[in-house]
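The chain contents come next:
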Amino acid sequence: MAKVITATGRRKSSVAQVKMTAGKGKITVNGNDVREFMPYETYVMDLMQPLVATNNENTFDIDIKVTGGGASGQTGAIRLGITRALLIYDEANEDNDDSYRKILKRAGFITRDPRSKERKKPGLKGARRAPQFSKR
């Protein structure tokens, strides 16, 4: 049986569990093809970026389970999960100049994006939006 690499990616309120095996480049998200699951082609291109940067578009079959958030957050979570899986796959090669870690770090894929929704405060309409001021 082929070696399975698992990794987790998070973004906003989305969590993606990525399972990567050797294959022909098939990507499934929650049991569907990635192009059926994602509403826009730009999201598909976004989550494929780590694979494109390391020339692995047709090297791995990737099975993803993603929950929470919207399409943009889920895409970011999947991208981070794929990046982490690639780093686990290439652990032995970390010291070389052509290591995945250096390529992905330069592209900015390794860093988790910490931005999430700010909580609503009491007396305000949103996180910062105050009620409209009335002079009279």
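In what follows, the accompanying structure is described. (Residues numbered from 1 in each chain as written. Predicted model: local features only at pLDDT ≥ 70, side-chain atom pairs only at ≥ 80, totals over all residues. Heavy atoms only, no water.)

This paragraph deals with unusual backbone geometry. Positive phi is not limited to glycine here, since K12 has a value of about 55°. Taking the relative accessible area as the measure of exposure, K12 reaches 47% and is therefore partly exposed. Look at N30: it is not a glycine, yet its phi comes out positive at around 50°. Positionally, N30 belongs in the loop between β3 (27–29) and β4 (32–33). (Buried < 20%, exposed > 50% of the residue type's maximum accessible area, 1.4 Å probe, protein only. Helix = DSSP H or I, 4+ residues; strand = E, 2+ residues; numbered from the N terminus.)

On to the pairing of strand β2 (residues 14–22), then. As paired strands, strand β1 (residues 5–11) and β2 are joined by seven bridges and run antiparallel to one another. Residue A7 lies in a different strand from β2, and its bridge partner there is V18. Following β1, the chain reverses through two residues before pairing antiparallel with β2; K12 in that reversal takes a positive phi of roughly 55°. Where β2 lies against strand β5 (residues 60–67), eight bridges are found, and the strand directions are antiparallel. Bridge pairing in β5 places A16 opposite V66. (Pairing = 2+ DSSP bridges.)

Next up on the list: the nonpolar core. Counting 27 residues, the largest nonpolar core has I62, I64, I78, I82 and L86 as its most contacted members. Ranked by residue count, the leading element in this core is helix α3 (residues 71–89), at six residues. With sequence-adjacent residues up to four places away left out, I78 is seen in contact with A16, V18, V29, M38, L47, I64 and V66. (Core = buried A, V, L, I, M, F, W, Y, C linked by side-chain atoms within 4.5 Å. Contact = heavy atoms within 4.5 Å.)

With that settled, the discussion passes to the packing of aromatic side chains. If you walk through the whole model with that rule in mind, you get three aromatic pairs. Geometrically, the ring pair formed by Y89 and Y100 is stacked, given 6.3 Å between the ring centres and 20° between the ring planes. Taken as a pair, Y89 in helix α3 and Y100 in helix α4 (residues 100–107) lie far apart in primary sequence, 11 residues in all. For Y100, a relative accessible area of 14% corresponds to the buried category. What links up through ring pairs into an aromatic cluster is the set F60, Y89 and Y100. (Phe/Tyr/Trp six-rings, centres within 6.5 Å; stacked < 30°, edge-to-face > 60°.)

It is worth stressing that arrangement in space is one thing and function is another; only the former is reported here.
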